[in-house]
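So the chains spell out like this:
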Amino acid sequence: MKKLICALGASMAMTTAMAWPDKTVTIVVPFPPGGSTDVIARTLQPRLQEKLGGTFVVENKAGATGTIGATHVVRSAPDGHTLFVSSLGPFVIAPHLFKVTYDAPKDFDFISVAVQAPNVLVVPAASPHKSMADVTAFQKANPGKMTFASSGNGSSDHLTAELYWQQTGTTGVHVPYRGGGPVMTDLLGGQVDSSFMNINTAMPQIVAGKLRALSITSAQRSPLLPNVPTLDELGIKDANVYSWQAVAGPKGMPADVKAKLHAAIRDTLNDPAVKPKLLEVGFEIVASTPAEFTAFQAAEFTRWQNLIKSRNIKVD
């Protein structure tokens, strides 16, 4: 009898897994439409639907720096019908800055880091700073004088500046804004001196000659900016920073569902109709496996936790 029950249970589980998706799959994006995260989600959505069958829809649940959407996902049934496409914030930064209602390392099933993009230190075209050496030398001679704008306290561009100051022993002035739009406006207007801006956001103004790129936070030079050195090249070590976009779900998802999702994500991102478009705006294809993403999340979680504590970073 026990063997029969076990066999029936296994059969039912297999039938359920084989049937997935048997209802609408909701892809939760924890930010408003139009940003990088939303772009990646809407790039994946039609192709996941095509490759996996069923209906996939994108739902924007913005607020509280992405933690509202994250909380919704971790409280959802882990049956593969609720997915989370987000940047690094809710996964590895917000838990160290806010009181969140989820345990980031334990409450998600990590499926794949889809893409990543480095930050670029940019200054207005009229800036007297022509190189990263100029910036570092100026800050050492004039501590607390040079302003660095960011899209908000605890954002990737803010933490990149903090990491740079820590690694070089310099001191700048952090000027937080409510989003990247106001940063760009004031940077172009000369109201702030610089910003470690995401390459996707910065490239149009760099190409237009309105911003000057001085250094990039990637491990190697970007094909989009082949003449811009990396921080590592300039002797600023352990300062590789990427803003990454990833896919996850609530903890407890069936292993075969995760495997199918990863395969579909990998194939989509490497599709000749998709990959060049992502590369040309500054994204690098990652398409990591669930195991790779799990290890990466743990390392990133600890990295930003240590920086936030050591720099005593607070939010309003």
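Residues numbered from 1 in each chain as written. Predicted model: local features only at pLDDT ≥ 70, side-chain atom pairs only at ≥ 80, totals over all residues. Heavy atoms only, no water.

With that settled, consider the nonpolar core. Core analysis: the biggest nonpolar cluster contains 46 residues, and Val122 and Ile206 have the highest contact counts within it. With 6 residues, the single largest contributor to this core is strand β4 (residues 108-124). If near-sequence neighbours (up to four positions away) are discounted, Val122 is found in contact with Leu187, Asp193, Ser194, Ser195, Met197, Ala202, Ile206, Leu211, Arg212 and Ala213. Counting residues in hydrophobic clusters, the runner-up holds 41 residues, among them Val28, Phe108, Leu214 and Ala248. (Core = buried A, V, L, I, M, F, W, Y, C linked by side-chain atoms within 4.5 Å. Buried < 20%, exposed > 50% of the residue type's maximum accessible area, 1.4 Å probe, protein only. Helix = DSSP H or I, 4+ residues; strand = E, 2+ residues; numbered from the N terminus. Contact = heavy atoms within 4.5 Å.)

This next bit is on the environment of Ala263. Tracing the chain through its elements places Ala263 in helix α10 (residues 255-269). Note on Ala263: relative accessible area 22%, which makes it partly exposed. Between the alpha carbons of Ala263 and Thr289 there is a distance of 8.7 Å; along the sequence they are 26 residues apart.

With that settled, consider the packing of aromatic side chains. One pass over the structure, following the stated rule, counts 15 aromatic pairs. With 5.8 Å between their ring centres and 75° between their planes, Tyr102 and Phe108 make a pair best called edge-to-face. The exposure classification of Tyr102 matches that of Phe108, with both residues buried. Ring plane angle 20° and centroid distance 6.2 Å describe the contact between Phe148 and Phe196, whose orientation is recorded as stacked. (Phe/Tyr/Trp six-rings, centres within 6.5 Å; stacked < 30°, edge-to-face > 60°.)

Attention now moves to the pairing of strand β5 (residues 147-150). Judged by which residues are buried, β5 turns out to be covered on both faces: Thr147 and Ala149 on one side and Phe148 and Ser150 on the other are all buried. Each parallel crossover has a hand, and the one from β5 via helix α7 (residues 156-168) to strand β6 (residues 173-176) is right-handed. Pairing geometry for β5 and strand β7 (residues 194-198), over 2 bridges, is parallel. Residue pairing in the sheet places Ala149 in a bridge with Ser195 of β7. (Right-handed = clockwise from strand over helix to strand, strands pointing away. Pairing = 2+ DSSP bridges.)

Once that is clear, we can look at the pattern of salt bridges. Scanning the entire structure with this criterion turns up 10 salt bridges. Where Lys61 meets Glu59, a salt bridge forms, and the shortest distance between an N and an O atom there is 3.2 Å. Lys61 sits in the partly exposed class, given a relative accessible area of 23%. A salt bridge links Glu233 to Arg221, with the shortest nitrogen-to-oxygen separation between them at 2.9 Å. With Glu233 in the loop between β8 (211-216) and β9 (242-250) and Arg221 in the loop between β8 and β9, the pair connects residues that are 12 residues apart, well separated along the chain. Of the residues examined, Arg221 reaches a relative accessible area of 38% and is grouped as partly exposed. Members of the salt-bridge network, linked through shared partners, are Asp109, Lys251 and Lys258. (Salt bridge = Lys/Arg side-chain N within 4 Å of Asp/Glu carboxyl O.)

All right, on to helix α8 (residues 180-188) then. The complete set of buried residues in α8 reads Val183, Met184 and Leu187. Buried residues along α8 cover an arc of 95° about the axis, so they all sit on one side. Where the residues of α8 are buried, they touch β4, β5, β7, α9 (199-207) and β8. Of the residues flanking the end of α8, it is Gly190, one or two places downstream, whose phi is positive at about 80°. (Arc of directions from axis to C-beta.)

Where burial is concerned, most of strand β1 (residues 25-29) is hidden: 5 out of the 5 residues are buried. Following the backbone out of β1, through helix α2 (residues 36-52) and into the adjacent parallel strand β2 (residues 56-60), one traces a crossover that is right-handed. Both β1 and strand β3 (residues 82-87) contribute to a ladder of 3 bridges, which runs parallel. From the neighbouring strand, Ile27 faces β3, where its bridge partner is Leu83.

Let's shift gears to unusual backbone geometry. Residues apart from glycine generally show negative phi values, whereas peptide bonds are mostly found in trans. Of note, the amide linkage connecting Trp20 to Pro21 takes the cis form, showing an omega dihedral of -5°. Within the secondary structure layout, Pro21 lies in the loop between α1 (2-19) and β1. Residues other than glycine seldom take positive phi values, yet Thr65 does so here, at roughly 50°. Structurally, Thr65 is set in the loop between β2 and α3 (67-74). Unusually for a residue other than glycine, Ala287 sits at a positive phi of about 50°. Position of Ala287 relative to the elements: it lies in the loop between β10 (284-285) and α12 (290-310). A residue is classified by how much of its surface remains accessible, and Ala287, at 11% relative accessible area, is buried.

Following both chains from N to C, one finds helix α6 (residues 132-141) and α7 inclined at 70°, their axes separated by 12 Å at the closest point. Taken together, the axes of α6 and α7 are roughly perpendicular relative to one another. Taken together, the residues of α7 that come into contact with α6 (itself represented by Met132, Val135, Thr136, Gln139 and Lys140) are Tyr164, Trp165 and Thr168. A class-by-class count of the residues in the contact of α6 with α7 yields 4 nonpolar, 3 polar and 1 charged. (Axes fitted to C-alpha atoms, helices over the stretch in contact; angles between N-to-C directions. Parallel < 35°, antiparallel > 145°, perpendicular 65-115°, else oblique. Nonpolar A, V, L, I, M, F, W, Y, C, P; charged D, E, K, R; others polar.)

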